[in-house]
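An overview of the molecular structure
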Amino acid sequence: MEEEGSTPSSPPRREERRVGGDGGDGGESEYQRGMHHRYKHLQQRGEGGEYPQPSVDDMKVAFECFERSAHSGHVGGQCEYGIMLYGGYGVRCDWREAAQWFQRASDGGNVDASGWLAEMIWYGRGGLNKDKARATQLIESGLETWRRQASEEGLASACYRLGWCHHFGVGVEKDMSLAIEWYERAAEHCTMQPWVVLS
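Once that is clear, we can look at the side chain of R161. Looking at the element boundaries, R161 is found in helix α7 (residues 156-168). In this structure R161 touches G115, W116, E119, I139 and W146, once residues within four positions along its chain are discounted.

Structure below.
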């Protein structure tokens with residue numbers, strides 16, 4: 001993940017991009033198109049089990065799709081748009097704007113966005129006040145969903161979030177062995193951050 005204010009390779013100039021309509025489906029088609037471009041590299045696992053890096057072009061397309069979806073009110077699109085802004089994927093990193101989109105998606109019931117928002121509040125990123133009690137409250141609201149998604153579906157983002165919770169003792173007991181186990185499970189599916197944490 002890039003530092004706030006850093007510039008990834010060839011970012012699009014945000015002020016020149018136009019935000020289109022939602023195609024009449026509330027942003028779902030743009031969300032699905034964004035997901036395809038954002039994660040298609042995960043279908044190309046190498047011989048050694050490693051995943052290739054996503055292409056810069058795919059990240060740009062994904063960013064633009066999520067932007068349109070987010071502006072159409074799609075909470076999944078809002079969360080993914082926040083993730084792209086937070087990490088500087090396909091665009092210049094912008095923690096303040098990411099926090100706003102995570103808040104919107106969280107208010108709309110997206111538990112992944114609640115997890116990202118909690119993490120930002122925990123560290124006091126993006127202009128948010130550092131508030132561990134509020135972060136814990138957000139985490140506790142999503143724990144059952146992440147447990148189910150991780151156990152039943154093996155969802156990488158849920159595995160990562162459970163690892164993060166056990167790593168810092170947020171909403172659960174601090175347990176580094178469980179944190180590592182969940183991070184490793186997430187890394188098997190190449191979610192963005194566990195490999196950094198594990199290293």
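This part is about the packing of aromatic side chains. In total, this model carries 14 aromatic pairs according to the counting rule given. On the basis of an interplanar angle of 10 degrees and a centroid distance of 5.9 Å, the ring pair of F102 and W116 is categorised as stacked. With F102 in helix α4 (residues 95-107) and W116 in helix α5 (residues 111-123), this residue pair connects regions lying 14 residues apart in the sequence. By relative accessible area, which is 0% here, F102 ends up buried. The exposure class of W116 is buried, given its relative accessible area of 9%. Ring geometry for W122 against W164: centres 5.9 Å apart, planes inclined by 80 degrees, an arrangement best described as edge-to-face. Of this pair, W122 sits in helix α5 while W164 sits in helix α7; the two residues are 42 residues apart in sequence, bridging distant segments of the chain. Residue class for W122 comes out buried when judged on its relative accessible area of 10%. Under the relative-accessibility criterion, W164 is labelled buried at 2%. Each member of the aromatic cluster is reached from another via a ring pair, and the members are Y86, W95, F102, W116, Y160 and Y183.

By size, the foremost hydrophobic cluster in this structure holds 46 residues, and its most contacted members are F102, I139 and W164. Only α2 (56-71), α3 (75-87), α4, α5, α6 (132-153), α7 and α8 (176-188) provide two or more residues apiece to this core. By residue number, the principal contributor to this core is α5, which donates seven residues. Excluding anything up to four places from it in sequence, W164 contacts E119, W122, Y123, I139, V170 and Y183.

A word on the pattern of salt bridges. This structure, assessed with the given rule, holds six salt bridges. Salt bridges sharing common partners tie together E30, R33 and R68.

Glancing now at the packing of helix α1 (residues 28-39) against α3. At their nearest, the axes of α1 and α3 sit 10 Å apart, and the two run at 35 degrees to each other. Remark: the crossing between α1 and α3 carries left-handed chirality. On α3, the residues touching Y31, M35, R38 and Y39 of α1 are G76, G77, E80 and M84. Its residues assigned to classes, the contact of α1 with α3 comprises four nonpolar, two polar and two charged.

Glancing now at the packing of α4 against α5. Contact pair α4 / α5: the axes reach a minimum separation of 8 Å and the direction vectors enclose 140 degrees. On the basis of their axis angle, the class for α4 and α5 is oblique. Every pair of crossing elements has a handedness; the one defined by α4 and α5 is left-handed. Each of W95, A99, F102, Q103, A105 and S106 in α4 lies in contact with α5, whose residues at this interface are A113, S114, W116, L117 and M120. When its residues are assigned to classes, the contact of α4 with α5 shows eight nonpolar, three polar and no charged.

Calculation rules
- Residues numbered from 1 in each chain as written.
- Predicted model: local features only at pLDDT ≥ 70, side-chain atom pairs only at ≥ 80, totals over all residues.
- Heavy atoms only, no water.
- Helix = DSSP H or I, 4+ residues; strand = E, 2+ residues; numbered from the N terminus.
- Contact = heavy atoms within 4.5 Å.
- Phe/Tyr/Trp six-rings, centres within 6.5 Å; stacked < 30°, edge-to-face > 60°.
- Buried < 20%, exposed > 50% of the residue type's maximum accessible area, 1.4 Å probe, protein only.
- Core = buried A, V, L, I, M, F, W, Y, C linked by side-chain atoms within 4.5 Å.
- Salt bridge = Lys/Arg side-chain N within 4 Å of Asp/Glu carboxyl O.
- Axes fitted to C-alpha atoms, helices over the stretch in contact; angles between N-to-C directions.
- Left-handed = near helix turned anticlockwise from the far one by under 90°.
- Nonpolar A, V, L, I, M, F, W, Y, C, P; charged D, E, K, R; others polar.
- Parallel < 35°, antiparallel > 145°, perpendicular 65-115°, else oblique.

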